[in-house]
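Spelled out, the chains give:
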Amino acid sequence: MSDNTLDLNPVELATELTIAWLANPNTRTNADDVPTFLNKMYETVLAMVGGNATAAVPAAPAQEYTPAVTARKSLASPDHIISMIDGKPYKTLRRHLATNGMTPAEYRERYGLKADYPMVAPTYSEARRTMAKRIGLGRKPGQTNAARAETKPTPRKRKAEEASAE
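## Some details on the overall build of the chain
So, step 1. Of regular secondary structure, the chain possesses 9 helices and 2 strands.
So, step 2. Its helices and strands taken in sequence order, the chain reads α-α-α-α-β-β-α-α-α-α-α from the N to the C terminus.
So, step 3. Out of the 166 residues belonging to the chain, those deemed buried represent 17%.
So, step 4. Put simply, 38% of the contacts in the chain that link residues at least 6 apart link residues at least 24 apart.
So, step 5. For the chain, the computed accessible surface area is about 13,100 Å², with 54% contributed by carbon and sulfur atoms.

See below:
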C-alpha cells in the first residue's frame, strides 16, 4: 500500500484493502464472496473518507422470496415439514436452514411466518420425547431409585416383617 493513501480514490483504496485481506493465509472465503466483500469495503471506505456511500452506490432493493408451498401445506403432514425454500419434506428444518445460511428466525421472517411456526415435525418430536423419557432424561438424580423403593418392597424386608409378626 502506498504512503499517500489520502491521494487514492475510494475504489483504489477498497481494492487494495480487499487484496490485502485475500492475501492473508488465515482468510477462508469463496470466490462468490469476494464481490460482496469488495462492495462492502468500498462503502465503508467511502463513508470514512467523508463521502456519502448511499449516494455513490444505490442500495439494492429487498429481494422478494416466493415460497415453494403455502404455510398450511408445509404443515399438512405430521410426519414431515415441507420447506418453503425448495419444497422438499424434512423431519427437522434446522440443518436444512443452516446449509442455506439461515437461522429459524430469518426463515420465519423471510416467509412471513408466525413466531411459533415449528421447525420439527410432530411425529419426529414425539418419538424423540418418548426415547428421552425412556432413557431417563429430564429427571433429577436419584429420583427413579426413590420411586422404585416406595412402590416395590425388597424380599428381605418382607421376610423380616413376617418373622417379627410371629
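The rest of the description comes next.
## Focus on the nonpolar core
One recurring pattern in soluble globular proteins is that nonpolar side chains are buried together.
So, step 1. One finds Met84, Leu93, Leu97, Tyr107, Leu113, Tyr117 and Met119 to be the most contacted residues of the largest nonpolar core, which totals 13 residues.
So, step 2. Setting aside its immediate chain neighbours within four residues, Met84 contacts Thr66, Pro67, Ala68, Val69, Thr70, Ala71, Ser74, Tyr107, Tyr111, Leu113 and Tyr117.
So, step 3. Formed by 6 residues, the second largest nonpolar core is a distinct cluster that contains Leu13, Ala14, Met41 and Leu46.

## Side note on the environment of Lys40
So, step 1. Assignment of secondary structure puts Lys40 in helix 2 (residues 33–49).
So, step 2. Classification of Lys40 as exposed rests on a relative accessible area of 52%.
So, step 3. Sequence-wise, Lys40 and Thr18 are 22 residues apart; in three dimensions their C-alpha atoms are separated by 10.0 Å.

## What to know about the pattern of salt bridges
Side-chain pairing between opposite charges can occur once the charged atoms of the two side chains come close.
So, step 1. In the structure shown here, the tally under the stated rule is 1 salt bridge.
So, step 2. Note that Glu126 and Arg129 form a salt bridge whose closest N and O atoms lie 3.4 Å from each other. Within this pair, Glu126 and its partner Arg129 are both found in helix 7 (residues 122–135), separated by 3 residues, close to a single helical turn.
So, step 3. The class for Arg129 is partly exposed, based on a relative accessible area of 45%.

About the thresholds
Residues numbered from 1 in each chain as written. Predicted model: local features only at pLDDT ≥ 70, side-chain atom pairs only at ≥ 80, totals over all residues. Heavy atoms only, no water. Helix = DSSP H or I, 4+ residues; strand = E, 2+ residues; numbered from the N terminus. Buried < 20%, exposed > 50% of the residue type's maximum accessible area, 1.4 Å probe, protein only. Contact = heavy atoms within 4.5 Å. Areas by Shrake-Rupley, 256 points an atom, 1.4 Å probe, with all protein chains shown as cover. Core = buried A, V, L, I, M, F, W, Y, C linked by side-chain atoms within 4.5 Å. Salt bridge = Lys/Arg side-chain N within 4 Å of Asp/Glu carboxyl O.

Interpretation in functional terms is not warranted from these geometric data alone.
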